[in-house]
Amino acid sequence: MRHLLTPQDFTTEELNTLFDLADDIGKHPDTYSHAMEGKKLATLFYEPSTRTRLSIETAMLNLGGRTMGFADAQSSSAAKGETVADTIRVISCFADIAAIRHPKEGAAMVAARYSSIPVINAGDGGHQHPTQTLTDMLTIRSLKGRLDNYVIGLCGDLKFGRTVHSLISAMSRYENIRFVFISPPELRVPDYVTDALNDLGIPYEEVTRLEDALDRLDFLYMTRVQKERFFNEEDYVRLKDYYILDRNKLSLAKSDMYILHPLPRVNEIAPEVDDDPRAAYFRQVKYGVYVRMALILTLMDPASLNA
Ligand code: NCD
């Protein structure tokens, strides 16, 4: 049985197979519309989400399967004190596959250990968000036709942003990738992330001003300041509008740079940027459904990876 806890759970070859499947799903969605008939997906969401949960549910519905679950820990037995380990043992008797989002780092890993059905990590605290990363990678591959040879800028809350941590580790496996980290000093990327890059010999720079990075980026990954992970309101208020990408700043970027964002956007991209052909964040949402469809099919039939 296979799970998706981090993007590293798949080799780069397996990821290619998954992305090829996602491409085919995007081109011929009807071919797949009965593939999960009679199967059930459980979504166990202990933390707020709209897009990730609805995207995973849409993926299952598009495949002809059904969905169930909870979107709020307060309405589940977690409110009675049930552990994740027990919850997943119970859910394993109801559903064929489960997606879990939890505020604690490592929660999905615990769930996978006790589960008898495939588990998808839909975000564990500030740690990882692998289905978003698969979305980001499919978007990059679809826009440019490859996953290597890029300068990737990541901007905003690099400390708490799990999409950032997931994407850096996933892209580190491809040839000639360089990173530019753009954050206020308080929201720098964690040491464990830069330590891993140092060990792998992957070049990166850290800057505080977006203007100092824009001219050399192939992709700019914007993120929101993660309000819910701050310990005090004051720090959040001070840092929340640190970066605002507007038309003026965008004039410093290459004409073929693409802007990605996992969404939700708060203030970090001015709405006037949405009409720029380089703004790819709403296209990204569509790729997210294709890649999650491909992921469900693959986890339900892991042998297809070697076919
Ligand atoms: C991200 C998340 O939940 O980490 N959102 C998402 O899944 N699309 C990013 C965020 O919340 O800022």
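None of the values given here were measured: they were computed from a predicted structure.

S.K.: So what's going on with the site of the ligand? Which residues, and what values?
M.R.: Residues in contact with the ligand, as listed here, are Arg 51, Thr 52, Arg 101, His 129, Gln 132, Arg 162, Thr 163, Arg 224, Gln 226, Pro 262, Leu 263 and Pro 264. One of the side-chain N or O atoms of Gln 226 is found 2.8 Å from an oxygen atom in the ligand. In the environment of the ligand, a nitrogen atom lies 3.0 Å from a nitrogen or oxygen atom belonging to the backbone of Leu 263. Its free accessible area being 320 Å², the ligand has 94% of it covered by the protein chains. Listing elements by their share of the shell around the ligand, those giving two or more residues are α2 (51–62) and α6 (162–171). Residues of the shell around the ligand, tallied by class, amount to three nonpolar, five polar and four charged. Both domain 1 (7–129 + 285–306) and domain 2 (131–284) contribute no fewer than three residues apiece to the shell around the ligand.

S.K.: Account for the pattern of salt bridges, with residues named and values stated.
M.R.: Proximity of charged atoms lets side chains of opposite charge pair with each other. Applying the stated criterion to the full structure yields 20 salt bridges. With its nearest N and O atoms 3.7 Å apart, the salt bridge here joins Asp 256 to Lys 144. Linking Asp 256 in the loop between α9 (247–250) and β9 (258–260) with Lys 144 in helix α5 (residues 130–144), this pair joins segments that are 112 residues apart in sequence. With a relative accessible area of 24%, Lys 144 lands in the partly exposed category. Across the pair Asp 148 and Arg 146 runs a salt bridge, and its minimum N-O distance is 3.7 Å. Among the ionic contacts, a cluster of salt bridges with common partners joins Asp 20, Asp 23 and Arg 141.

S.K.: So what's going on with the domain arrangement of the chain? Residues and values would help.
M.R.: With domains assigned, the chain is organised as domain 1 (7–129 + 285–306) and domain 2 (131–284). Relative to domain 2, the C-alpha centre of domain 1 lies at a distance of 25 Å. Listed by partner, the interface residues are 35 residues for domain 1 and 29 residues for domain 2. Taking both sides of the interface into account, the surface hidden between domain 1 and domain 2 amounts to around 2,700 Å²; carbon and sulfur atoms contribute 54%. In terms of surface lost to domain 2, no three residues of domain 1 exceed Phe 19, His 129 and Tyr 287, which account for 28% of the buried area on that side. In this structure, Arg 162 and Glu 47 form a salt bridge, with 3.1 Å as the shortest nitrogen-oxygen distance. Elements that contribute at least two residues to the side of domain 1 that touches domain 2 include exactly α1 (12–27), α2, β3 (97–102), β4 (119–124) and α10 (281–300). Of the residues in the side of domain 1 that touches domain 2, the class split is 13 nonpolar, 14 polar and eight charged.

S.K.: Can you break down the pairing of strand β8 (residues 219–222) residue by residue, with the values?
M.R.: Of the two faces of β8, both are covered, the one formed by Phe 219 and Tyr 221 as well as the one formed by Leu 220 and Met 222. Where strand β5 (residues 150–155) lies against β8, four bridges are found, and the strand directions are parallel. The partner of Gly 153 across the bridge, within β8, is Leu 220. Bridging between β8 and β9 involves three bridges; their strand directions are parallel. Bridge assignment links Tyr 221 to a residue of β9, and that residue is Leu 260.

S.K.: How would you sum up the packing of α5 against α6? Please name residues and give values.
M.R.: Taken N-terminus to C-terminus, the directions of α5 and α6 make an angle of 55°; their axes are 9 Å apart at the nearest point. Classified by the angle their axes make, α5 and α6 are oblique. The hand of the α5/α6 crossing is right-handed. Along the contact surface, α5 presents Pro 130, Gln 132, Thr 133, Asp 136, Met 137 and Ile 140, while α6 presents Thr 163, Ser 166, Leu 167, Ala 170 and Met 171. Along the lines of polarity and charge, the residues of the contact of α5 with α6 split into six nonpolar, four polar and one charged.

S.K.: Provide a residue-level description of the sheet that holds β5, including the pertinent values.
M.R.: Here we have five strands laid out as an open sheet, ordered β7-β6-β5-β8-β9, and parallel in their pairing. The open sheet has two edge strands with one neighbour each: β7 (204–207) and β9. The mean inter-strand angle of the sheet, taken between neighbouring strand axes irrespective of direction, is 20°.

Definitions and limits used
- Residues numbered from 1 in each chain as written.
- Predicted model: local features only at pLDDT ≥ 70, side-chain atom pairs only at ≥ 80, totals over all residues.
- Heavy atoms only, no water.
- Near = heavy atom within 4 Å.
- Polar contact = N/O pair within 3.5 Å; in protein donor to acceptor, adjacent residues only side chain to side chain.
- Areas by Shrake-Rupley, 256 points an atom, 1.4 Å probe, with all protein chains shown as cover.
- Helix = DSSP H or I, 4+ residues; strand = E, 2+ residues; numbered from the N terminus.
- Nonpolar A, V, L, I, M, F, W, Y, C, P; charged D, E, K, R; others polar.
- Domains from an automatic or database assignment.
- Salt bridge = Lys/Arg side-chain N within 4 Å of Asp/Glu carboxyl O.
- Buried < 20%, exposed > 50% of the residue type's maximum accessible area, 1.4 Å probe, protein only.
- Contact = heavy atoms within 4.5 Å.
- Buried area = accessible area lost by both parts, 1.4 Å probe.
- Pairing = 2+ DSSP bridges.
- Axes fitted to C-alpha atoms, helices over the stretch in contact; angles between N-to-C directions.
- Parallel < 35°, antiparallel > 145°, perpendicular 65-115°, else oblique.
- Left-handed = near helix turned anticlockwise from the far one by under 90°.

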